[in-house]
Amino acid sequence: MVSLVTRGEPHSFAECNQAAVPVADVLSRIGGKWMIYVIMALTRGPMRFSDLRRQVDGISQKMLTQTLRDLEEDGLVTRKVTPIIPPRVDYELTVIGMELRGPLAAIAEWTERNGDAIAASRARYAAERGVA
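Residues numbered from 1 in each chain as written. Predicted model: local features only at pLDDT ≥ 70, side-chain atom pairs only at ≥ 80, totals over all residues. Heavy atoms only, no water.

A.B. asks: Hey, could you run me through the nonpolar core in this one?
C.D. replies: Buried together is how nonpolar side chains tend to be arranged in soluble globular proteins. One finds Val-38, Leu-42, Leu-52, Leu-68, Leu-71, Val-77 and Tyr-91 to be the most contacted residues of the largest nonpolar core, which totals 21 residues. When contributions to this core are tallied by element, the ones reaching two or more residues are α2 (35–42), α4 (61–73) and β3 (88–93). Tallying contributions element by element places α2 first for this core, with five residues. Excluding residues within four positions of it along the chain, Leu-68 makes contact with Val-38, Leu-42, Phe-49, Leu-52, Val-77 and Tyr-91. (Core = buried A, V, L, I, M, F, W, Y, C linked by side-chain atoms within 4.5 Å. Buried < 20%, exposed > 50% of the residue type's maximum accessible area, 1.4 Å probe, protein only. Helix = DSSP H or I, 4+ residues; strand = E, 2+ residues; numbered from the N terminus. Contact = heavy atoms within 4.5 Å.)

This is the structure:
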């Protein structure tokens with residue numbers, strides 16, 4: 001795989017595209033509206049569906065179900081069914097799901113450092129264009 005950051009001459013479009021497409025694909029999935037909230041909730045350990053729903057304020061049952069399915073499809077979450085009555089279903093981050101803690105923490109730290117500058121830039125941009 002071609003690295004997004006390499007030394008030397010500028011990349012061709014094909015090289016950039018080859019490197020960026022997989023990254024964009026993963027970022028579009030984990031950057032979804034509810035993904036980060038669910039991932040961060042699961043960093044505390046395995047949780048039942050109802051516990052997750054309480055932790056992720058505002059998420060609907062349908063969206064939590066879809067988010068968990070997407071995370072399971074990507075190999076970031078496991079779903080364990082305990083055959084009791086009623087069945088118990090627990091969700092837990094996989095090893096690669098837990099590896100997201102570092103990158104998410106780095107993004108959170110970057111946001112804390114740069115959030116005010118971004119907000120000021122957005123306000124300046126809106127003012128220059130007369131957007132309320």
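A.B. asks: It is not clear to me how unusual backbone geometry should be interpreted in this structure. Could you clarify?
C.D. replies: Trans is the prevailing form of peptide bonds, just as negative phi is the prevailing case for residues other than glycine. Here the bond from Ile-85 into Pro-86 is cis, since omega is -10°, no more than 30 degrees from zero. As for its position among the elements, Pro-86 is in the loop between β2 (77–82) and β3.

A.B. asks: Which parts of the structure should I look at to understand the pattern of salt bridges?
C.D. replies: Here the idea is simple: oppositely charged side chains can pair when their charged atoms come close. This model, assessed by the stated rule, comprises six salt bridges. The partner of Asp-90 in a salt bridge is Arg-88, with the nearest N and O atoms 2.8 Å apart. The exposure class assigned to Asp-90 is buried, which follows from its relative accessible area of 13%. Salt-bridge contacts for Arg-129 lead to Glu-128; the nearest nitrogen and oxygen are separated by 3.3 Å. Overlapping salt bridges bring together Arg-29, Asp-70, Glu-73 and Asp-74 as one network. (Salt bridge = Lys/Arg side-chain N within 4 Å of Asp/Glu carboxyl O.)

In short, geometric facts, not functional conclusions.
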